[in-house]
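This is what each chain is made of:
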Amino acid sequence: RVLFRSTFHCIYIDPPRSTPVYPPATPRTARLSRGNHYHSQPPQSTSTSVEMASWASDLMGETLVSADGPVKTAEVLADKVVGIYFSAHWCPPCRGFTPKFADVYKKLKGEGKNFEVVFASSDRDDASFKEYFAEMPWLALPFDDRKTKEKLSKMFKVSGIPTLVIMDADGNVITKDGRAAVAEPEKFPWVPPTLAEALGATFVDKQGAEEIGRAHV
């Protein structure tokens, strides 16, 4: 592994390895692997909560780790905006960002926001993972499930850490730059505006004098 460190990221390049074999993709994971991003308001779903979070089990496995032990992925992520946090204890920028991010997480949870985070560790061993995870208030992928972690890194094209990918309750990617997004917790869930919202409701004519409504443009 070749490692480069900067003020903001730890960039790692893994040596070539054989292509991992994953279970056959479901329609859901196949859609996610192509990078499903928001271009408008998030879709509405009529599914039950656990069914809504079944994408999370497909993506991250049936079980996650909490401070109190294993938890069911579909249950703990139901109806949640989910951040997948790629990080490692050996990375100085990660150690700088994690406590700040933890403060934002606690603030949002304290306000009753439907937000959860899953730590995808790049630590070198289980002991380092446990030491680092003990500082975190959220969930984690099981450290021994390296196949899932590698799958997620490949899916989201993670080349440096810390990286935070934020997804909605249906598994749609809101942003891959969650590190910047969480700097503005008041904008939760950080869904980008539609084109119409970004343009505004009124415009001026070419003389810059008369305001006209969007319907006349």
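Quick look at the structure, then. (Residues numbered from 1 in each chain as written. Predicted model: local features only at pLDDT ≥ 70, side-chain atom pairs only at ≥ 80, totals over all residues. Heavy atoms only, no water.)

Scanning the model with the defined rule gives 16 aromatic pairs in all. With centroids separated by 6.4 Å and ring planes inclined at 45°, the aromatic side chains of Y85 and F119 adopt a geometry described as tilted. Remark: F119 occurs in strand β6 (residues 115-121) and Y85 occurs in strand β5 (residues 81-87); sequence separation between them is 34 residues. F119 shares its class with Y85; the two are buried. Here the guanidinium or amino end of R146 rests over the ring plane of F143, the centre of that ring lying 4.4 Å away. Over the ring of F97 we find R179; its NZ or CZ atom is 5.6 Å from the centre of that ring. (Phe/Tyr/Trp six-rings, centres within 6.5 Å; stacked < 30°, edge-to-face > 60°. Helix = DSSP H or I, 4+ residues; strand = E, 2+ residues; numbered from the N terminus. Buried < 20%, exposed > 50% of the residue type's maximum accessible area, 1.4 Å probe, protein only. Lys NZ or Arg CZ within 6 Å of the ring centre and 35° of its normal.)

Across the 5 residues of strand β9 (residues 163-167), 5 count as buried, placing the element largely inside the fold. Residues of β9 alternate between two faces, with T163, V165 and M167 on one and L164 and I166 on the opposite face, all of them buried. Inspection of the sheet shows β5 paired to β9 by 5 bridges, in the antiparallel sense. For V82, the partnering residue across the bridge sits in β9 and is M167. As judged from the 2 bridges shared by β9 and strand β10 (residues 173-175), these two strands associate in the antiparallel manner. When the bridges of β10 are listed, M167 appears paired with V173. Between β9 and the antiparallel strand that follows it, β10, lie 5 residues; G171 among them carries a positive phi value of about 85°. (Pairing = 2+ DSSP bridges.)

We now examine helix α6 (residues 126-133). Of the positions making up α6, those classed as buried are F129, Y132 and F133. In an axial view of α6, the angular spread of the buried residues amounts to 95°, which keeps them on one side of the axis. Residues of α6 that are exposed and point over 90 degrees away from its buried face: A127 and K130. Here the buried face of α6 lies against β3 (63-66), β5, α5 (92-110), β6 and β7 (139-140). (Arc of directions from axis to C-beta. Contact = heavy atoms within 4.5 Å.)

A separate point is the side chain of D123. Of note, D123 is situated in the loop between β6 and α6. Buried charge without a salt bridge: D123, with R124 as the nearest opposite-charge side chain at an N-O distance of 7.4 Å. One polar contact links the side chain of D123 to the main-chain amide nitrogen of H89, over a distance of 2.7 Å. Ignoring anything within four residues of it in the chain, the contact list for D123 reads S87, A88, H89, W90, S128, F129, Y132 and F143. (Lys, Arg positive; Asp, Glu negative; His and termini not counted. Salt bridge = Lys/Arg side-chain N within 4 Å of Asp/Glu carboxyl O. Polar contact = N/O pair within 3.5 Å; in protein donor to acceptor, adjacent residues only side chain to side chain.)

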